[in-house]
Amino acid sequence: MKVPMDLLTSVLFPDNPDVIIEDVTIEDHVLIFSLRSTRLCAECPVCGCSSTKVHGSYGRKPADLPCLTSSVRLHLHVRRFLCQNNQCERKTFAEPFAGLVVAYARRTLRQAHVLRELAFSLGGKPGAHMAATLVCQVSRDTLLRLLRRSPLPPAPVPQVLGIDDWAWRRGHTYGTILIDLQRHQPVDLLPDREAETLANWLREHPGVQIASRDRGGNYAEGLRKGAPGAIQVADRFHLLKNLGDAVQGLLTRHLLAFRRKPAAKVSQEGNQKQKAGPPIKQPLKVTPELAAIRVVREEERLARYEQVITLREQGWSHQAIADRLGMGSSTVQSWLAAGHFPKRKSRQQSSKLDHFLPYLQQRRAQGCFNMVQLHQEIRGKRISGVI
Ligand SMILES: [Zn+2]
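Residues numbered from 1 in each chain as written. Predicted model: local features only at pLDDT ≥ 70, side-chain atom pairs only at ≥ 80, totals over all residues.

**Describing the overall build of the protein chain**
Counting its regular elements, the protein chain contains 13 helices and 13 strands. For the protein chain, with 387 residues in total, the buried portion stands at 16%. For the protein chain, the proportion of contacts with a sequence separation of at least 24, taken over those separated by at least 6, is 45%. (Helix = DSSP H or I, 4+ residues; strand = E, 2+ residues; numbered from the N terminus. Buried ≥ 20, exposed ≤ 12 C-beta atoms within 10 Å, placed from the backbone. Contact = placed C-beta atoms within 7 Å.)

See the structure below:
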């Protein structure tokens, strides 16, 4: 039984009652539907006037969703109409195929929708691979482009807002991420960590009642300016990190005092001697206390290394050792691959101030300890090129 074309049209294009299938052909395993509109008139997209005067026509070939094992392409017969409004700036316009394909698009709306869903679910390369399996050829770049062009879903202004930084390039440039802590979803990304940027966002999105932030002062200032009524709280991660840092420092100092009593005495004497004036940072000089701390930490590291070796000799896997000792598995692997205890390399940290140290020491010897004055002096010398 032969299927009538109007029935086929209503089944394959249910959202487009104004189109009709004129012909169905197959070329190189591609199923081609030749379509045209049955409307007698079309509306000018600029002035909205309806026109029945056809100026000419041309063809478009957007790709559509595949059918069984064949890919599908539409051959659209597009008429160009004359705008009959003399005041309109547009002389001619192409008839639209609303709900089927937008102007200049190379694929139908429904194919773009399916590809976008693939990109969201699988990403670029796996999505393109899956699309090829479904007889729908598309490149990974096209999938990513579709994904980036997707409009953002409307999101309510969060009442409980999480604020933290994220790295454009780690160690160099950072932005700010805003998270709705009740819906557990990111809300927005800001290009930097400046207080004013955050304050502007908060002014444009009023309604935040509680803000969880890190220890940085910029976010606190941004919240004070942009949402003065919001309650600021430190987030759990940074509270625990603060606690961990404090406990580790305390234990290290106690361990040091327990093992290195003479060193501790030297340290106290050193501290008393420095009361003569504010200390100047000496980056290349290691104090006895710092040296003793480093020795203690290195001994702890050696003890851990010996534990790693012992567990490995007992047949433990890398991951099991890492889990047992609370270490990263990559560290365990590198230690075992080294074949010996990898000593920590000493780091010499430089500072922007190093260049001015001789001058600062000279001024200090002259009795000047005023930081603001010293800062102005070295700044003036730097601008004038003396230093
Ligand atoms: Zn017009």
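Still more to cover.
**Observations concerning the sheet that holds strand β9 (residues 160-169)**
On the basis of which strands lie adjacent, the open sheet formed by five strands has the order β11-β10-β9-β12-β13 and mixed pairing. Each edge of the sheet is formed by a strand with only one pairing partner; in this case those strands are β11 (185-190) and β13 (231-234). Adjacent strand axes in the sheet meet at a mean angle of 30 degrees, parallel and antiparallel pairs treated alike. Pairing geometry for strand β10 (residues 173-180) and β11, over five bridges, is antiparallel. Paired with D180 across the two strands is Q185, which belongs to β11. (Pairing = 2+ DSSP bridges. Axes fitted to C-alpha atoms, helices over the stretch in contact; angles between N-to-C directions.)

**Quick word on the packing of helix α3 (residues 124-133) against helix α4 (residues 140-149)**
Interhelical geometry of α3 versus α4 gives an angle of 110 degrees and a closest axis separation of 8 Å. In terms of axis orientation, α3 runs roughly perpendicular to α4. The hand of the α3/α4 crossing is right-handed. Here G124, K125, G127 and A128 of α3 come into contact with α4, specifically with R140, L143 and L144. Split by residue class, the contact of α3 with α4 holds three nonpolar, two polar and two charged. (Parallel < 35°, antiparallel > 145°, perpendicular 65-115°, else oblique. Left-handed = near helix turned anticlockwise from the far one by under 90°. Nonpolar A, V, L, I, M, F, W, Y, C, P; charged D, E, K, R; others polar.)

**A few points about the packing of helix α2 (residues 109-122) against α3**
Interaxial distance between α2 and α3 falls to 8 Å at its minimum, and their mutual angle equals 135 degrees. Judged by the inter-axis angle, α2 sits oblique to α3. The interaxial crossing formed by α2 with α3 has right-handed handedness. Here L115, L118, A119 and L122 of α2 come into contact with α3, specifically with G124, P126, G127, M130 and A131. Residue composition of the contact of α2 with α3, by class: seven nonpolar, two polar and no charged.

**Quick notes on the nonpolar core**
Looking at soluble globular proteins, one finds that nonpolar side chains tend to be buried together. Counting residues in each nonpolar core, the largest one holds twelve residues, listed as L161, I163, L178, L198, A199, W201, L202, V208, A211, Y219, L223 and A227. Counting only elements with at least two residues in this core, the list comes to β9, α5 (195-204) and α6 (217-226). Per-element tally for this core: the top contributor is α5, with four residues. Filtering out sequence-adjacent residues up to four positions away, A227 remains in contact with L202, V208 and A211. (Core = buried A, V, L, I, M, F, W, Y, C linked by C-beta atoms within 7 Å.)

**Concerning α3**
Listed as buried for α3 are G127, A128 and A131. Looking down the long axis of α3, one finds its buried residues gathered within 100 degrees of arc, a one-sided arrangement. Exposed residues on α3 whose side chains face more than 90 degrees from its buried face are H129, A132 and T133. At the C-terminal side of α3, V135 shows a positive phi close to 60 degrees. (Arc of directions from axis to C-beta.)

**Here's the deal with the environment of N200**
For N200, the location among the structural elements is in helix α5. The spacing of N200 and L223 is 23 residues in sequence and 9.7 Å in space, taken between C-alpha atoms.

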